[in-house]
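Summary of structural features
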2 protein chains.
Amino acid sequence: MIQQNAVEAMKTVCSLLIFALLSTPVAAQDSLPSWNDGASKQAIVAFVKKVTTEGSESFVPAAERIAVFDNDGTLWCEFPLPNQATFAFDEIKRLLPENPVWKDDPAVTALVSGDVAALKADHNAGLIKIIALTHAGLTPDEFDERVQNWLATAKHPKFDCAYTNVIYQPMLEVLNYLRANDFETWIVSGGGKDFMRVFAEATYGIPPQQIIGSYGKLKYELKEGKPTLTKTLDSLFVDDKEGKPVGIAQFIGRRPIACFGNSDGDQAMMEYTTIDNPRPSFGLIVHHTDAEREYAYDANPTSSGKLTTALDAAPQRGWTVVDMKQDWKTVFPDDPKDGTSSLIGEWLVEDIAGKGVVDRVQTTVNFSADGTASGSTGVNRYSGKADIDGNKLTFGSLATTRMAGPAALMDQEQRFLTAAETIVAFEFGEPGIVYFLDNNANRAMKLSKK
Amino acid sequence: MIQQNAVEAMKTVCSLLIFALLSTPVAAQDSLPSWNDGASKQAIVAFVKKVTTEGSESFVPAAERIAVFDNDGTLWCEFPLPNQATFAFDEIKRLLPENPVWKDDPAVTALVSGDVAALKADHNAGLIKIIALTHAGLTPDEFDERVQNWLATAKHPKFDCAYTNVIYQPMLEVLNYLRANDFETWIVSGGGKDFMRVFAEATYGIPPQQIIGSYGKLKYELKEGKPTLTKTLDSLFVDDKEGKPVGIAQFIGRRPIACFGNSDGDQAMMEYTTIDNPRPSFGLIVHHTDAEREYAYDANPTSSGKLTTALDAAPQRGWTVVDMKQDWKTVFPDDPKDGTSSLIGEWLVEDIAGKGVVDRVQTTVNFSADGTASGSTGVNRYSGKADIDGNKLTFGSLATTRMAGPAALMDQEQRFLTAAETIVAFEFGEPGIVYFLDNNANRAMKLSKK
């Protein structure tokens, strides 16, 4: 066994090497390619440089580099309806046949007949009932599965693709850029915490424990000897407006130094981040000005996303206001319709060249937004370049660790690496399945979404 | 400016090198030196090896390596009273002169006269009042400052040292060992979330956002134009018993695979971690059996820490039960009375050899529990060995990065590195200050606690 001090020494050497190379902050020129040059991009880059330059007065230690992001309208599209509302409506319709008593519920009747006014009457009583019917009385695991199934099949009405593809490429780049500069990125959204946790890790690279949202009490019990949590809507915490700084203080316990939002619902957390903060701080508002590529709205949105007071306050507060139409070179990752971006994430190899795979180990492929693929061959870790362009896919040469394993696994590793060299394209199959094609258009590999 | 792809390439090379060296999990022989060899230590090591061995069926990806720790009685001493209760009692006495109306409060009267029965009467109504008087109606920053001041001065009645020194060295080693194996370590305690967040980062290496505890609602408002949060005891969330799995699900959103506790209050989260978990899992109970070095209690503690049902359930559940007296070679970091452990943490250099330091940069020294010192010279990062033994202190040769800086800062760096070589001892001065002494017993450096 390798001595631990040798490992530690190597880590130190590597850290120092990396550190020396990183003595200037991670270069931004390449980090924000979907942003047009202009005041917004410059402001982001200048702030990151300011807080990461060692020895400067404005330097902020990595542990305090907390960045918070609203979700609806800031990271993904919230039009024509917040996606979680669409989910709830779709769920009511899907579950109605199994729940005939719902037909007597005025909220369900209003929903089915499209009577939005009735749903909103009496302080949104109908909407709250719809949320209760679809978000409470089940376990978090059951709820997760429903959200997953919905995300796998539902399509955005304007862009005709999965909701997780209608996300803002420039903001993905900001997330990556901040993380590359040792920021911890958090979501702080009025949306449901449990709803977002289903997709945020694969979609934004933000793990469940960095997602703050609205939530109700959970009930815990041992049911037939098994630990069981049940979602309720009791003691609802609404993570919107003044709830956002409260959620931040409760979950993070540390004041953010950067805040990204798009509506008046984000104003309180923008203020909490930028007013009277002993650290340098940064606020940014995404202003939806692009009716052609996305939507244009501020004072009078059809649903959520009202932006008036926060926009008025921006100049005085020094917040950067992004003009989507002017500032964003592209809005969505590639053209969302071609589904390219949905390769991003982790896949499990189910078959190689029709010969199957060994059951008890996992050969995986993890595509990152930065154009790399990495994973496990089942024995060794590997990584390398992955070019995705439309439905074309090619791997660069893959670097692997060099451990030995049982013969069957070494064989599988070899088959995987050999097959990877032949891949030229991909196609989606049944839900959650993708095939990698060789240059004879044979399905050389079958993978399932992890 | 260095190209980012060069940095990335270097990172990849280093990652692969480190990875190759780490292809066996981080060696445990040296990681748990305060544990006697035996079933408990073996169980910890075997579990970590099991979930970190790539290619094995029991392998758990790093993102899912969540470990949760109770605090009172698991990471630090909870006898004769939970430390937070002592804090509340001390605060009442300190604040009484400024709050003469409190004298008419029966809870305060009971406390001042030591009438514990009266405090506990009527479902702890008196104790709850004491908590309300000391934990609500102030901002989190004000509360933090009070806790800091108390921790800096209060002494444990038996061990006669700061409460943050009465922590369990073997458990610190478990925390470090797990983190070295890419676990994320969390506290899940019935104690106050805000109380623990004041000291847990410096004491355990656990940042605020990984601390779950009991808490009340926060109120947010702009007060005289400044963002202001106020602590209340409304909608109290009690993170104990069934509250623990609930807190875990709300804050982490991912099931832990390892759970460490010491009382029946931890049983629900032990069950949540280990029953019906699709991942391999581990539960450990610290049984306080050492009346000489610490305390011995289980069924009948004087205050918190009752351990009966969880102990009974342990064999059936496969939980490891630590016999403190048998399993722990040492209980506290060094002898807590000598204050050695309070060097651990980050210090700011205030003076070198009586010649001052440049105001606008920070030369820092961060002592880790693993015997290393690291920090910034003001221009470069450095790290190396630091031997602390009683009041003796010596630095090994310090490796630094090699950036150039302004002449004044390079001079300070040189003075710091030269002075470090001469240090042979340390002594504490006024609160929060330590002096490093050379072999003529001169105060060669003055540092303040960061």
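- As annotated in an unreviewed UniProt entry, chain A carries the name META domain protein and is attributed to Rubripirellula tenax.

1. Topic: the overall build of chain A
- Of regular secondary structure, chain A possesses 13 helices and 18 strands.
- Taken over C-alpha atoms, the radius of gyration comes to 24 Å for chain A, in line with the 22 Å a tight globule of 450 residues would show.
- Taken over the C-alpha atoms alone, chain A extends approximately 70 × 60 × 50 Å along its principal axes.
- By residue count, 53% of the 450 residues in chain A fall in the buried class.
- For chain A, restricting intrachain contacts to residue pairs at least 6 apart in sequence, the fraction spanning at least 24 positions comes to 62%.
- When the accessible area of chain A is evaluated, it comes to approximately 19,200 Å², of which 52% is carbon and sulfur surface.
- Across chain A, the mean location of the 43 positive side-chain charges is 2 Å away from that of the 59 negative side-chain charges.

2. Some details on helix H13 (residues 407-422) of chain B
- The terminal C-alpha atoms of H13 of chain B lie 23 Å apart, and with 16 residues this matches the ideal 22 Å at 1.5 Å per residue to within 8%.
- Among all positions of H13 of chain B, only Leu409, Gln412, Glu413, Arg415, Phe416, Leu417, Ala419 and Ala420 of chain B are buried.

3. Some details on the packing of aromatic side chains
- With the rule as written, the count across this model stands at 54 aromatic pairs over all chains.
- Between Tyr220 of chain A and Tyr272 of chain B, the aromatic rings sit 6.2 Å apart at their centres with planes inclined by 85 degrees, giving edge-to-face as the arrangement. Of the two residues, Tyr220 of chain A is situated in strand S4 (residues 218-223) and Tyr272 of chain B in helix H10 (residues 267-274); the pairing between them involves two chains. A single burial state applies to Tyr220 of chain A and to Tyr272 of chain B, both of which are buried.
- Measuring from centroid to centroid gives 5.5 Å for Phe87 of chain B and Trp150 of chain B, while their planes differ by 75 degrees, and the two rings are edge-to-face. Linking Phe87 of chain B in helix H3 (residues 83-95) with Trp150 of chain B in helix H6 (residues 140-153), this pair joins segments that are 63 residues apart in sequence.
- Exposure remark for Phe87 of chain B: the relative accessible area of 0% places this residue in the buried category.
- A relative accessible area of 5% means that Trp150 of chain B is categorised as buried.
- Aromatic rings pair up to connect Trp35, Phe79, Phe159, Tyr168, Tyr295, Tyr297, Trp328 and Phe332 of chain A into one cluster.
- Here Lys231 of chain A stacks its cationic end above the ring of Phe143 of chain A, 4.5 Å away from the centre of that ring.
- For Arg443 of chain B, the ring lying beneath its charged end belongs to Tyr435 of chain B, and the centroid distance is 3.6 Å.

4. With respect to H6 of chain B
All names here are of chain B.
- Between its first and last C-alpha atoms H6 spans 20 Å; for 14 residues at 1.5 Å apiece the expected length is 20 Å, and the two agree.
- Within H6 the residues assigned to the buried category are Pro140, Phe143, Val147, Trp150 and Leu151. Angular distribution of buried residues about the axis of H6 spans 100 degrees; they occupy a single face of the element. Within H6, the exposed residues directed more than 90 degrees away from the buried face are Asp141, Ala152 and Thr153.
- Of the surrounding elements, those touching the buried residues of H6 are H3, helix H5 (116-135), helix H8 (193-204), strand S4 (218-223) and strand S5 (226-231).

5. Topic: the environment of Asp160 of chain A
- Counting through the fold element by element, Asp160 of chain A comes out in the loop between helix H6 (140-153) and helix H7 (169-180).
- Sequence-wise, Asp160 of chain A and Asp239 of chain A are 79 residues apart; in three dimensions their C-alpha atoms are separated by 30 Å.

6. With respect to the UniProt feature "domain: DUF306" (unreviewed entry) in chain A
- Residues annotated by UniProt as "domain: DUF306" (unreviewed entry) correspond here to residues 343-426 of chain A.
- Its end C-alpha atoms 9 Å apart, residues 343-426 of chain A is made of 19% helix and 43% strand.

7. Description of the pattern of salt bridges
- This model, assessed by the stated rule, comprises 31 salt bridges over all chains.
- Between Lys231 of chain B and Asp194 of chain B there is a salt bridge, with its nearest N and O atoms 2.6 Å apart. One end of the pair, Lys231 of chain B, is in strand S5; the other, Asp194 of chain B, is in helix H8, and 37 residues separate them in sequence. The exposure classification of Lys231 of chain B matches that of Asp194 of chain B, with both residues buried.
- When the shortest N-O distance is used, the salt bridge between Asp240 of chain B and Lys241 of chain B registers 3.9 Å.
- Judged by relative accessible area, which is 28%, Asp240 of chain B ranks as partly exposed.
- Lys241 of chain B gets classed as partly exposed once you look at its relative accessible area, which sits at 47%.
- Residues joined in a network through salt bridges with shared partners are Asp70, Lys244 and Asp266 of chain A.

8. Details of the confidence of the model for chain A
All names here are of chain A.
- Across chain A, pLDDT averages 89, with 92% of residues at or above 70.
- This stretch, residues 16-26, has a pLDDT under 50; its non-local contacts, to residues over four places away or in other chains, come to 26 contacts.
- Contacts for the low-pLDDT stretch residues 336-340, under 50 throughout, to residues beyond four places or in other chains number 12 contacts.

9. Description of the side chain of Asp194 of chain A
All names here are of chain A.
- The buried category is assigned to Asp194, whose relative accessible area is 15%.
- Among the polar contacts made by the side chain of Asp194, one reaches the side chain of Lys231 at a distance of 2.6 Å.
- Beyond its immediate stretch of four places on either side in the chain, Asp194 contacts Phe143, Asp144 and Lys231.

10. Here we look at the state of the cysteines
Residue and element names in this part refer to chain B.
- With the rule as written, the count across this model stands at zero disulfides over all chains.
- Cys161 forms no disulfide, and the closest cysteine sulfur to it belongs to Cys77, at a distance of 9.5 Å.
- Given a relative accessible area of 3%, Cys161 falls into the buried group.

11. Focus: unusual backbone geometry
- Cis geometry is adopted by the peptide bond preceding Pro80 of chain A, which originates at Phe79 of chain A and carries an omega value of -5 degrees.
- Backbone geometry at Glu224 of chain A places phi at a positive 50 degrees, although glycine is not the residue there.
- Mapped onto the elements, Glu224 of chain A comes out in the loop between S4 and strand S5 (226-231).
- Phi angles above zero are rare outside glycine, and Ala441 of chain B is one such case at about 65 degrees.
- You can see Ala441 of chain B is positioned in the loop between strand S17 (433-438) and strand S18 (443-449).

12. Concerning the environment of Lys49 of chain A
- Inspection of the secondary structure assignment puts Lys49 of chain A in helix H2 (residues 39-52).
- Note: C-alpha distance between Lys49 of chain A and Asn181 of chain A (132 residues apart in sequence) is 9.0 Å.

13. Here's the deal with the pairing of strand S6 (residues 258-261) of chain B
Residue and element names in this part refer to chain B.
- The alternating pattern of S6 places Ala258 and Phe260 and Cys259 and Gly261 on opposite faces, both of which are buried.
- Bridge count for strand S1 (residues 66-69) against S6 is three bridges, and the pairing is parallel. In the strand pairing of S6, Val68 is matched with Cys259.
- Sheet topology note: the S6/strand S7 (residues 282-289) ladder contains four bridges and is parallel. Opposite Cys259, over in S7, you have Gly283 as the bridge partner.
- Of the crossover connections in this fold, the one passing from S6 over H10 to the parallel S7 is right-handed.

Scoring rules and cut-offs
Residues numbered from 1 in each chain as written. Chains lettered and ligands numbered in written order. Predicted model: local features only at pLDDT ≥ 70, side-chain atom pairs only at ≥ 80, totals over all residues. Heavy atoms only, no water. Helix = DSSP H or I, 4+ residues; strand = E, 2+ residues; numbered from the N terminus. Rg over C-alpha atoms; globule rule 2.2 N^0.38 Å. Buried < 20%, exposed > 50% of the residue type's maximum accessible area, 1.4 Å probe, protein only. Contact = heavy atoms within 4.5 Å. Areas by Shrake-Rupley, 256 points an atom, 1.4 Å probe, with all protein chains shown as cover. Lys, Arg positive; Asp, Glu negative; His and termini not counted. Charge placed at Lys NZ, Arg CZ, Asp CG, Glu CD. Expected span 1.5 Å × (residues − 1). Phe/Tyr/Trp six-rings, centres within 6.5 Å; stacked < 30°, edge-to-face > 60°. Lys NZ or Arg CZ within 6 Å of the ring centre and 35° of its normal. Arc of directions from axis to C-beta. UniProt positions renumbered as here; feature names shortened; annotations may be inferred. Salt bridge = Lys/Arg side-chain N within 4 Å of Asp/Glu carboxyl O. pLDDT = per-residue confidence, 0-100. Polar contact = N/O pair within 3.5 Å; in protein donor to acceptor, adjacent residues only side chain to side chain. Disulfide = S-S within 2.5 Å. Pairing = 2+ DSSP bridges. Right-handed = clockwise from strand over helix to strand, strands pointing away.

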